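Coordinate inspection notes
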Amino acid sequence: MQNTSRRTFLQTAATAAPFIFLPRLRGAEPWEDNEVIQRHRRAALAVLKPTPAQLDRGLKLHAESLVFDTYGFAPRCAIDGAAMAKLVAENASTIELKDARERMMMTRCVDNAAERAEFEQAWKAAGVTCIFQNAGEEGQAPLRLIKRLANFTYVTDHLKGFLNKAATPADIVAAKKAGQYCLYFTGNGVPLTQQWISVPDELRYLTVFKNLGMRMLHLTYNRRNMIGDGCAEPGNAGLSDFGKTAVKEMNRIGVIPDCAHSGWQTSLESAQVSEKPVVASHSCAADLFKHIRGKPDRVLKAIADTGGLTGIACIPSFLGNPGNASAFLDHIDHVAKVAGVDHVGIGTDVAYQSRHAAAENAKVPRRARSRTAWRYFWPAGSLKPQPQARLSIAWTNWPLFTVGLVQRGYKDDDIRKIIGGNMLRVCRDTLK
């Protein structure tokens, strides 16, 4: 294949797309021997069936563009199975084991050569410039939120020149120009003291986390909190009086309010109260497929009215049948039609998983199943497994998302907005 011309390869791809590698843009790609990435590519090509011209245009456009995942995860490493087994043998607590597993999955790319190679392959295959990185565990206690933030600060401190921490939108632009990658930090909760001495006291950690690099925060996570109702609460009570103050304080200091996991009324009222862009960073169009994590048209429009956006997630259960790459593009089309092409993005909410993960996980003794975590407040049937559909919208298939938008007839400028430009604009507007 090395000696086959790119044009000939593209022509071949039109008829053999489900069974062959994607065409190369710059000779041999570093991820071509990765069977997991290739399996995902074949699954997406089997769904999309692009012509050679569509592939050519889409792949070029993706490579040239600043690509910004509106909410997601850096590639996940395999754990150190032996180290985890040792912790189990020492009767480590459930929290210790959870923290150790998460730390290994997030940071072993720094000091393990095999995991570093997997990490770099995934980034290069995806062609993503920046991820709005989930860097704060689900919750509102500052000490809980800071653990994940510390992990990704560690990674970006040690992988500078390949993966950088972006503090401003200008840093993201600079990373693209330098051919590098970066993370922009977000967290799954607004940090609160939980002392309730005064409103300013409760909100003072917002500035602390903003100064640590947090640029977007979830208002709620599925459940009801003091800010408002989460998306799984049947009451759908909306934004609290305290929540209105929290949104305004986020506006003041330059942190984006994210209502991705908020109830429909909370999302609507957050947009109505906010003086700067509000986002639903990883969601879906609920009027296209009704799901608690989606947003109905009236909310999509309210978010757009703030200058914000709704990012479509790569979660089959959110998209309806068949839940694959075609359904994913349907949701983008719906938001673009209802709210405008300036107010839609892609927030994958998925990560590439190292090929070594299964072997390392097998080294860890099984433990008794624990109770369902507080944050996993999901109505029955809302997270149905759809493994085949999931393959076609895997994180490393980002270039094919761009190809899919080409197939749907979007202009190049509009595609650039959807795959990155809209999120970059929201970030700039928030920090004004």
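Cut-off values and rules
- Residues numbered from 1 in each chain as written.
- Predicted model: local features only at pLDDT ≥ 70, side-chain atom pairs only at ≥ 80, totals over all residues.
- Heavy atoms only, no water.
- Helix = DSSP H or I, 4+ residues; strand = E, 2+ residues; numbered from the N terminus.
- Buried < 20%, exposed > 50% of the residue type's maximum accessible area, 1.4 Å probe, protein only.
- Contact = heavy atoms within 4.5 Å.
- Core = buried A, V, L, I, M, F, W, Y, C linked by side-chain atoms within 4.5 Å.
- Salt bridge = Lys/Arg side-chain N within 4 Å of Asp/Glu carboxyl O.

Attention now moves to the side chain of Glu118. Relative to the elements of secondary structure, Glu118 occurs in helix α6 (residues 113-126). With a relative accessible area of 2%, Glu118 lands in the buried category. Every residue in contact with Glu118, bar those within four places of it in the chain, is listed here: Asn34, Tyr352, Ser354, Arg355 and His356.

Turning next to the nonpolar core. By size, the foremost hydrophobic cluster in this structure holds 85 residues, and its most contacted members are Trp123, Leu163, Phe328, Ile332, Trp395 and Trp398. Sort the elements by how many residues they give to this core and helix α14 (residues 325-339) lands first, with eight residues. In this structure, Phe328 is in contact with Ile312, Ala313, Cys314, Leu319, Ile346, Ile393 and Phe401, ignoring residues within four places of it in sequence. By size, the runner-up hydrophobic cluster in this structure holds 19 residues, among which are Tyr71, Phe132, Ala166 and Ile172.

Tracing the backbone shows Ile146 in helix α7 (residues 142-158). Judged by its relative accessible area of 35%, Ile146 falls in the partly exposed class. Through-space distance from the C-alpha of Ile146 to that of Asp429 is 26 Å; in sequence the pair is 283 residues apart.

This paragraph deals with the pattern of salt bridges. For the structure shown, the criterion picks out 24 salt bridges. Between Arg355 and Glu118 there is a salt bridge whose closest N-O contact spans 2.5 Å. Pair noted here: Arg355 is in the loop between β9 (344-346) and α15 (357-361) and Glu118 is in helix α6, with a separation of 237 residues, a long-range link. Ionic pairing is found between Lys432 and Asp429, a salt bridge with its closest N-O pair at 3.2 Å. Asp429 sits in the partly exposed class, given a relative accessible area of 22%. Here the residues in one salt-bridge network are Lys98, Asp99, Glu137, Arg144 and Lys147, joined through shared partners.

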